[in-house]
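Notes for the structure review
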Amino acid sequence: MKTSKLVLAALFSSLFAGTASAAVEGNVGVTSNYMWRGMSQTNGGAAVSGGLDWSGESGWSGGVWASNINWGSNEVDAPGSEFDLYAGYSSSFGALDYSVTGIYYVYSQYDGSDFSELLVDLSYAGVDFGFGYTLTAETDSQEGDLYYYVGKSFELTDELGAGVTFGQYAGDEAGEYEGHSFFQVDVTKGDFTLSAAKSNDKGGYTDDLQFFASWGTTF
């Protein structure tokens, strides 16, 4: 865990060392169901989110993001909030685009749920893929989780775009996410997105096909 914390510290210190020349952009969004890797974070309900992003010419970037969440069940209402702090570096190597990001997730009203993750995102020949590794977690079973994904975007018309994503938690060390996988399809027009997601039934999450709509913009 000590090494993992040093990795996060290096990412954040490198970001803030260059904030003087960074540009700032805000974002806001609403969704009928906040889905994260095929798992609803709002018990099927709506969410409002917003954040700020910093980016510099050096390739370093970072930001903050927050949303309401609800980890209750049909019988229990348990509203809370999620707050993310992240920093990373992006560049390219020939035709390969890549980024490495450290994220710290903070969940209010849910003791013992905070964790940090190292994300590696790659893009080559129109295909996006990558993985996330849980660096630190307040829950021992979650630390060391490995998540990976692959996705592809398409231009349907001049105004319509689409995308497909498959994600999976790997191995026997993924704690409550062990064996969890999902498939999601998105259709986008401007700032609006219609989505459908289907998960397996691992980890106690629903395997029902879920439809949701989202809107988001930057300023």
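Please refer to the structure higher up on the page.
Okay, so let's go over this structure. Quick caveat: nothing in here was measured; it's all calculated off a predicted structure.

What about the overall build of the protein?
When helices and strands are counted, the protein shows 1 helix and 14 strands. Per-residue burial for the protein yields a buried fraction of 38% across its 219 residues. Pairs at least 24 apart in sequence give 41% of the contacts found in the protein among residues at least 6 apart. As displayed, the protein offers around 11,700 Å² of accessible surface, 58% of which is attributable to carbon and sulfur atoms.

Structural notes on the packing of aromatic side chains
For any pair of aromatic rings, geometry is given as the distance between the ring centres together with the angle between the planes. On inspection of all chains with the given rule, the structure shows 12 aromatic pairs. Each ring, one from Trp 36 and one from Tyr 177, has its centre 6.5 Å from the other, and the planes form 65°; the classification is edge-to-face. With a gap of 141 residues between them, Trp 36 in strand S2 (residues 35-36) and Tyr 177 in the loop between strand S11 (160-169) and strand S12 (181-189) connect regions that are remote in the sequence. Feature note: the residues Trp 36, Trp 71, Tyr 105, Tyr 107, Tyr 110, Phe 115, Tyr 147, Tyr 149, Tyr 169 and Tyr 177 constitute an aromatic cluster, connected by ring pairs. Over the face of the ring belonging to Tyr 147 we find Arg 37, whose NZ or CZ atom lies 4.0 Å from the ring centre.

Observations concerning the environment of Gly 161
Its place among the elements puts Gly 161 in strand S11. Taking the C-alpha atoms as reference points, Gly 161 and Thr 188, 27 residues apart in sequence, are found 5.0 Å from one another. Apart from residues lying up to four places away in sequence, Gly 161 is in contact with Phe 154, Leu 156, Asp 186, Val 187 and Thr 188.

Notes on the pattern of salt bridges
For the coordinates displayed, the defined rule picks out 2 salt bridges. For Lys 189, the salt bridge identified is with Glu 159, shortest N-O distance 3.6 Å. A residue pair is termed long-range when its members are at least 10 positions apart, and Lys 189 in strand S12 and Glu 159 in the loop between strand S10 (146-155) and S11 qualify at 30 residues. Residue class for Glu 159 comes out exposed when judged on its relative accessible area of 54%.

With respect to the side chain of Ser 67
Relative to the assigned elements, Ser 67 resides in strand S5 (residues 60-70). If we skip the residues at most four places from it in the chain, Ser 67 touches Tyr 34, Ala 47, Val 48, Ser 49, Ser 81 and Glu 82.

Overview of empty space enclosed by the protein
Following the criterion strictly, the structure yields 1 cavity of 30 Å³ or more and no others. One number sums up the size of the largest cavity: a volume of about 40 Å³. Considering the residues around the largest cavity, the lining is formed by Trp 36, Arg 37, Phe 115, Glu 117, Thr 134, Gln 142, Asp 145, Tyr 169 and Tyr 177.

Observations concerning the sheet that holds S5
Here we have 12 strands rolled up into a closed barrel, ordered S1-S4-S5-S6-S7-S8-S9-S10-S11-S12-S13-S14, and antiparallel in their pairing. Geometrically, the sheet is characterised by an average inter-axis angle of 20° between neighbouring strands, direction not taken into account. Bridge count between strand S7 (residues 96-108) and strand S8 (residues 115-124): 9 bridges; the pairing is antiparallel. Of the residues in S8, the one forming a bridge with Asp 97 is Ser 123.

A word on unusual backbone geometry
The phi dihedral of Arg 37 falls on the positive side, at around 55°, and the residue is not glycine. Assignment of secondary structure puts Arg 37 in the loop between S2 and strand S3 (39-40). Located in the positive-phi region is Gln 109, a residue other than glycine, with phi close to 70°. Within the secondary structure, Gln 109 is located in the loop between S7 and S8.

Here's the deal with the nonpolar core
Membership of the largest hydrophobic core comes to 19 residues, with the highest contact counts inside it found for Tyr 34, Trp 36, Tyr 105, Tyr 107, Phe 115 and Tyr 169. For this core, the secondary structure elements donating two or more residues are S5, S7, S8 and S10. When residues of this core are assigned to their parent elements, the largest contribution, 3 residues, is made by S7. Tyr 34 has contacts with Met 39, Ser 40, Gln 41, Thr 42, Gly 45, Ala 47, Trp 65, Ser 67, Asn 68, Ile 69 and Glu 82, leaving out every residue within four places of it along the chain.

Considerations on the environment of Gly 88
Relative to the elements of secondary structure, Gly 88 occurs in strand S6 (residues 79-93). The exposure class of Gly 88 is buried, given its relative accessible area of 3%. Each C-alpha atom, one on Gly 88 and one on Gly 63, is 9.4 Å from the other, the two residues being 25 residues apart in sequence.

Parameters and conventions
Residues numbered from 1 in each chain as written. Predicted model: local features only at pLDDT ≥ 70, side-chain atom pairs only at ≥ 80, totals over all residues. Heavy atoms only, no water. Helix = DSSP H or I, 4+ residues; strand = E, 2+ residues; numbered from the N terminus. Buried < 20%, exposed > 50% of the residue type's maximum accessible area, 1.4 Å probe, protein only. Contact = heavy atoms within 4.5 Å. Areas by Shrake-Rupley, 256 points an atom, 1.4 Å probe, with all protein chains shown as cover. Phe/Tyr/Trp six-rings, centres within 6.5 Å; stacked < 30°, edge-to-face > 60°. Lys NZ or Arg CZ within 6 Å of the ring centre and 35° of its normal. Salt bridge = Lys/Arg side-chain N within 4 Å of Asp/Glu carboxyl O. 1 Å grid on protein atoms, 1.4 Å probe; cavity = no way out; pocket = protein on both sides within 12 Å on 5 of 7 lines; lining within 4 Å. Points joined across faces, edges and corners; volume = space filled by probe spheres on them. Pairing = 2+ DSSP bridges. Axes fitted to C-alpha atoms, helices over the stretch in contact; angles between N-to-C directions. Core = buried A, V, L, I, M, F, W, Y, C linked by side-chain atoms within 4.5 Å.

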